[in-house]
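Coordinate analysis (summary)
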Amino acid sequence: MTTRPHRLGVLTSGGDAPGMNACLRAIVRTAIYHNLEVIGFQRGYRGVLLGDYQALDARSVTNIIQRGGTILGSARAPEMHHPEGLKQAASTLKGLGIDALLVIGGNGSMQGALALADYWQGQLIGLPGTIDNDLGGTDWTIGFFTALDTALDAVDRLRDTADAFDRIFLLEVMGRHAGWIALFTGIGGGAEEILIPEQPYDSAALSARIKEYRARNKRSVIVVVAEGACDGGVAQVAADIEGHGFETRTCVLGHIQRGGSPVALDRYLATELGVFAVQAALEGATLVLAGKLGQTNQLVPLREALADGKHRPPTQLLEINRFLAI
Ligand code: F6P
């Protein structure tokens, strides 16, 4: 029989994602409704390491549901890979009397939570917050849908100018290790080519297809390239295509994808999972990710959610795109 938690800690960690604030709002308000105290740590685990925190009340999260970024700030904390850092974090949490820590973040942040469990006995609950959508234990991560819309807007704009000049454009989108953003942006934007880390890069085949597009009188060609699609990234892809005699233009979208007001689906997902995670904490859950599988909120063991290759994008969409792009 577990005792009911009294004091929750919450932090946002790793690459920020639109909807983190909406999630924080849901967590704080649900917790306060259930008479829990809430401590918000500044800049992810760094706030835990440095004892940098603030008490949050229902008014602390007023007017943030629509705001991008995170009012708590975020950071990457390499200290969480080392026993000294983990002991330090555990000591802050013990000192503050935190019973449960809710971590909103991606892969690295969940790994930090798992490692912390060896040094701290409190409850640890993860919430999927990353634009990359590359976490297991959930179909969708908070921030993915907004990043997609941003990237899609870029494709539409590039298509206008590409069509006007009969050009080949390369658009690099985020995704160091995952092709979710590139794949969905490419399909949604009608891109001719989509390059993702999950699919081996074949420069000769790519150039051959570009030649065919030209032969079929396509005015413009858009190639969406995930950051981690190949060694050398988008610059290498451009060089390869140019090596076959085609002129290209490149646009690197970068951190623009991380900002902006969350779209409806991200706000909804963030709010639902925030409420769900607090309810799970009240029921004694620990070392789980509060995720959305199908239409259902589910608690998945963190270790399982982090298992390699668990959440690959549907690469069959690349085959479909072959005939959509004719
Ligand atoms: O948020 C995830 C992510 O956007 C990756 O796709 C990207 O490679 C990385 O973060 C870059 O983040 P930073 O510049 O903050 O290290």
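Refer to the structure printed above.
A brief look at the structure comes next.

Conventions used here
- Residues numbered from 1 in each chain as written.
- Predicted model: local features only at pLDDT ≥ 70, side-chain atom pairs only at ≥ 80, totals over all residues.
- Heavy atoms only, no water.
- Helix = DSSP H or I, 4+ residues; strand = E, 2+ residues; numbered from the N terminus.
- Rg over C-alpha atoms; globule rule 2.2 N^0.38 Å.
- Buried < 20%, exposed > 50% of the residue type's maximum accessible area, 1.4 Å probe, protein only.
- Contact = heavy atoms within 4.5 Å.
- Areas by Shrake-Rupley, 256 points an atom, 1.4 Å probe, with all protein chains shown as cover.
- Lys, Arg positive; Asp, Glu negative; His and termini not counted.
- Charge placed at Lys NZ, Arg CZ, Asp CG, Glu CD.
- Axes fitted to C-alpha atoms, helices over the stretch in contact; angles between N-to-C directions.
- Parallel < 35°, antiparallel > 145°, perpendicular 65-115°, else oblique.
- Nonpolar A, V, L, I, M, F, W, Y, C, P; charged D, E, K, R; others polar.
- Pairing = 2+ DSSP bridges.

1. Focus on the overall build of the chain
For the chain, the count of helices and strands is 11 helices and 11 strands. On C-alpha atoms alone, the chain measures out to a radius of gyration of 22 Å, which is about the 20 Å that the 2.2 N^0.38 rule sets for 326 residues. Summarising its shape, the C-alpha atoms of the chain cover approximately 70 × 40 × 30 Å along the three principal directions. Expressed as a percentage of its 326 residues, the buried residues of the chain come to 54%. Sequence-distant contacts in the chain: of pairs separated by 6 or more residues, those separated by 24 or more amount to 76%. Element-wise, carbon and sulfur atoms account for 51% of the exposed surface of the chain, whose accessible area totals about 14000 Å². The distance from the centre of the 29 positive side-chain charges to the centre of the 34 negative ones in the chain is 4 Å.

2. Re the packing of helix H3 (residues 83–96) against helix H4 (residues 107–116)
Between H3 and H4, whose axes approach to 10 Å, the crossing angle comes to 75 degrees. Classified by the interaxial angle, the pair formed by H3 and H4 is roughly perpendicular. Contacts between H3 and H4 involve Leu86, Ala89, Ala90 and Leu93 from the first element and Gly112, Ala115 and Leu116 from the second. Classifying every residue of the contact of H3 with H4 gives six nonpolar, one polar and no charged.

3. Considerations on the sheet that holds strand E9 (residues 248–252)
Strand order in the open sheet formed by four strands is E7-E8-E6-E9, with parallel pairing between adjacent strands. The strands lining the two open edges of the sheet, one partner per strand, are strand E7 (193–195) and E9. With direction set aside, neighbouring strand axes in the sheet form an average angle of 20 degrees. Sheet analysis places strand E6 (residues 168–173) next to strand E8 (residues 221–226), joined by six bridges and oriented parallel. Each residue of the ladder has a partner; that of Leu171, found in E8, is Val224. Across the sheet, helix H6 (residues 180–189) lies against E6, E7 and E8, angled at about 175 degrees from E7, the strand it touches most. Against the sheet, helix H7 (residues 203–215) engages E6, E7 and E8, with an angle of about 165 degrees to E7.

4. Thoughts on the sheet that holds strand E5 (residues 123–128)
The seven strands are arranged E3-E2-E1-E4-E5-E10-E11 in an open sheet whose pairing can be described as mixed. Edge positions in the sheet fall to strand E3 (53–56) and strand E11 (296–301), since each has one partner strand and no second. In this sheet, neighbouring strand axes are inclined to one another by 25 degrees on average, regardless of whether the strands run parallel or antiparallel. The pairing of strand E10 (residues 288–293) with E11 spans six bridges and is classified as antiparallel. Paired with Lys292 across the strands is Asn297, a residue of E11. Here helix H1 (residues 20–33) sits on the sheet in contact with strand E1 (7–12), strand E2 (37–41), E3, strand E4 (100–105) and E5, set at roughly 160 degrees to E4.

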